[in-house]
Amino acid sequence: MRTHFDPQTMDAGDYYKLLTTSVVPRPIAWVSTVSADGVPNLAPYSFFSVSSSAPAVVQFTSVGRKDSLRNIEETGEFVVNLATESLFEQINQTSANYDASVSEYTAVDLESEPSETVRPPRVVASPLSIEATLHQVVEVGNSFVVMGAVTMITVRPEFLAEDGLPDFGALAPLSRLGRDEWGMPPAVRRIQPPDRP
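For clarity, every value in this text was computed on a predicted model and none was experimentally measured.

J.: Would you mind showing me how to read the sheet that holds strand β1 (residues 26-27) here?
T.: In any sheet, the strands associate via hydrogen bonds between backbone groups, in a parallel or an antiparallel arrangement. Taken together, three strands build an open sheet; the order of strands is β1-β11-β12 and the sheet is antiparallel. Of all strands in the sheet, those bounded by a partner on one side alone are β1 and β12 (182-183). Relative to strand β11 (residues 175-176), β1 is paired through two bridges, and the arrangement is antiparallel. Within β11, the position partnered with Pro-27 by the bridge is Ser-175.

J.: Can you help me understand the pattern of salt bridges in this one?
T.: Side chains that differ in sign of charge can pair as their charged atoms come close. The full count for this structure, using the stated rule, is eight salt bridges. Taking the shortest distance from any N to any O, the salt bridge between Glu-73 and Arg-65 comes out at 2.9 Å. When its relative accessible area of 54% is taken as the criterion, Arg-65 is described as exposed. Residues Arg-156 and Glu-158 are paired through a salt bridge, measuring 3.1 Å at the closest nitrogen-oxygen approach. Residue Arg-156 is classed as partly exposed on the basis of its relative accessible area, which comes to 30%. Shared partners join several salt bridges into a network, and the residues in it are Glu-113, Glu-116, Arg-122 and Glu-131.

J.: In this structure, what is going on with the environment of Ala-43? I would like to understand it.
T.: You can see Ala-43 is positioned in strand β3 (residues 40-45). A relative accessible area of 12% means that Ala-43 is categorised as buried. Each C-alpha atom of the pair Ala-43 and Tyr-98 lies 9.9 Å from the other, and the pair is 55 residues apart in sequence. The contacts of Ala-43, once residues within four sequence positions are left out, are Ala-29, Trp-30, Val-31, Ser-68 and Thr-94.

J.: Hey, could you run me through the packing of aromatic side chains in this one?
T.: Centre-to-centre distance and the angle between the planes together describe a pair of aromatic rings. Under the counting rule described, the total for this entry stands at four aromatic pairs. Geometrically, the ring pair formed by Tyr-45 and Phe-60 is tilted, given 4.7 Å between the ring centres and 45° between the ring planes. Taken together, the positions of Tyr-45 in strand β3 and Phe-60 in strand β5 (residues 56-63) put the pair 15 residues apart, joining distant regions of the chain. An identical accessibility class is assigned to Tyr-45 and Phe-60; each is buried. A ring pair is formed by Phe-88 and Trp-182, whose centres lie 5.1 Å apart and whose planes are at 85°; its orientation type is edge-to-face. Linking Phe-88 in helix α3 (residues 88-93) with Trp-182 in strand β12, this pair joins segments that are 94 residues apart in sequence.

J.: What am I meant to see in the nonpolar core here?
T.: Side chains that are nonpolar tend, in soluble globular proteins, to be buried together. Within the largest apolar cluster, 19 residues are counted, with the highest numbers of intra-cluster contacts made by Val-31, Phe-48, Phe-60, Phe-78 and Val-80. Not counting residues up to four positions away in its chain, the partners in contact with Val-80 are Ala-29, Trp-30, Val-31, Phe-48, Leu-128, Ser-129 and Ile-130. By size, the runner-up hydrophobic cluster in this structure holds twelve residues, among which are Trp-30, Leu-42, Ala-83 and Leu-174.

J.: Quick question: what am I supposed to make of the pairing of strand β10 (residues 143-155) here?
T.: For a regular strand, the rule is simple: side chains alternate between the two faces of the sheet. Summarising the sheet, β5 and β10 pair through seven bridges and their orientation is antiparallel. Within the sheet, the bridge partner assigned to Val-63 lies in β10 and is Ser-143. Where strand β9 (residues 128-140) meets β10, twelve bridges bridge the pair, whose relative direction is antiparallel. Note on β10: the bridge partner recorded for Leu-128 is Val-155. Hairpin connection, β9 to β10: the antiparallel pair is bridged by two residues, and Gly-141 has positive phi, about 60°.

J.: It is not clear to me how helix α2 (residues 67-75) should be interpreted in this structure. Could you clarify?
T.: One turn of the α-helix equals 3.6 residues, which is why residues spaced by three or four share an orientation. For α2, the full list of buried residues reads Ser-68, Leu-69, Asn-71 and Ile-72. The buried residues of α2 occupy an angular sector of 165° when the element is viewed end-on, so they sit on one face. Packing partners of the buried residues in α2 comprise β2 (29-34), β3, β5, β6 (77-82), β9 and β10.

J.: How should helix α1 (residues 12-22) be read in this particular structure?
T.: Considered for burial, the residues of α1 that qualify are Tyr-15, Leu-18 and Thr-20. For α1, the elements touching its buried residues are β1.

About the criteria used
Residues numbered from 1 in each chain as written. Predicted model: local features only at pLDDT ≥ 70, side-chain atom pairs only at ≥ 80, totals over all residues. Heavy atoms only, no water. Pairing = 2+ DSSP bridges. Helix = DSSP H or I, 4+ residues; strand = E, 2+ residues; numbered from the N terminus. Salt bridge = Lys/Arg side-chain N within 4 Å of Asp/Glu carboxyl O. Buried < 20%, exposed > 50% of the residue type's maximum accessible area, 1.4 Å probe, protein only. Contact = heavy atoms within 4.5 Å. Phe/Tyr/Trp six-rings, centres within 6.5 Å; stacked < 30°, edge-to-face > 60°. Core = buried A, V, L, I, M, F, W, Y, C linked by side-chain atoms within 4.5 Å. Arc of directions from axis to C-beta.

What follows is the structure in structure tokens.
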């Protein structure tokens, strides 16, 4: 016996809450952009994933039209900064509805630095950043899936493992759950995948 939740009969806002408590945990794209007027913007998005590995394309979803989306459409560039446990409070604060003329870097006292290949700055305190140029925006219902062609990934050396790849334990990434819940870095278990035909 299960309780049934029909999207055709439920309020859209209530179904959003159901979806975000069902699809968990969700990695966070802490997206930095710059407006056409040069104002930096920084906001977290919890609908975030990889679209393609070759070519390398990442994606995040903006539910509704927000400053990040407008900036990316105007300039064609963005940076995904890794959201880590040590930056928890500031990440949460950047989700506030600031006016477009306000830089979240200034509002929450975060230091920025130039990116390597795109105009939007990256967060100094974030150990990993993914720089991207706009690949395409796909409108889906009340949301906009933003796909970015990766132009550079930067990782601070102390966050790399012996194999040269990012070290999950050192990165300590956050995730979003439902309601006002956030996920802290989980325990890691290693297991070899089965042989594939």
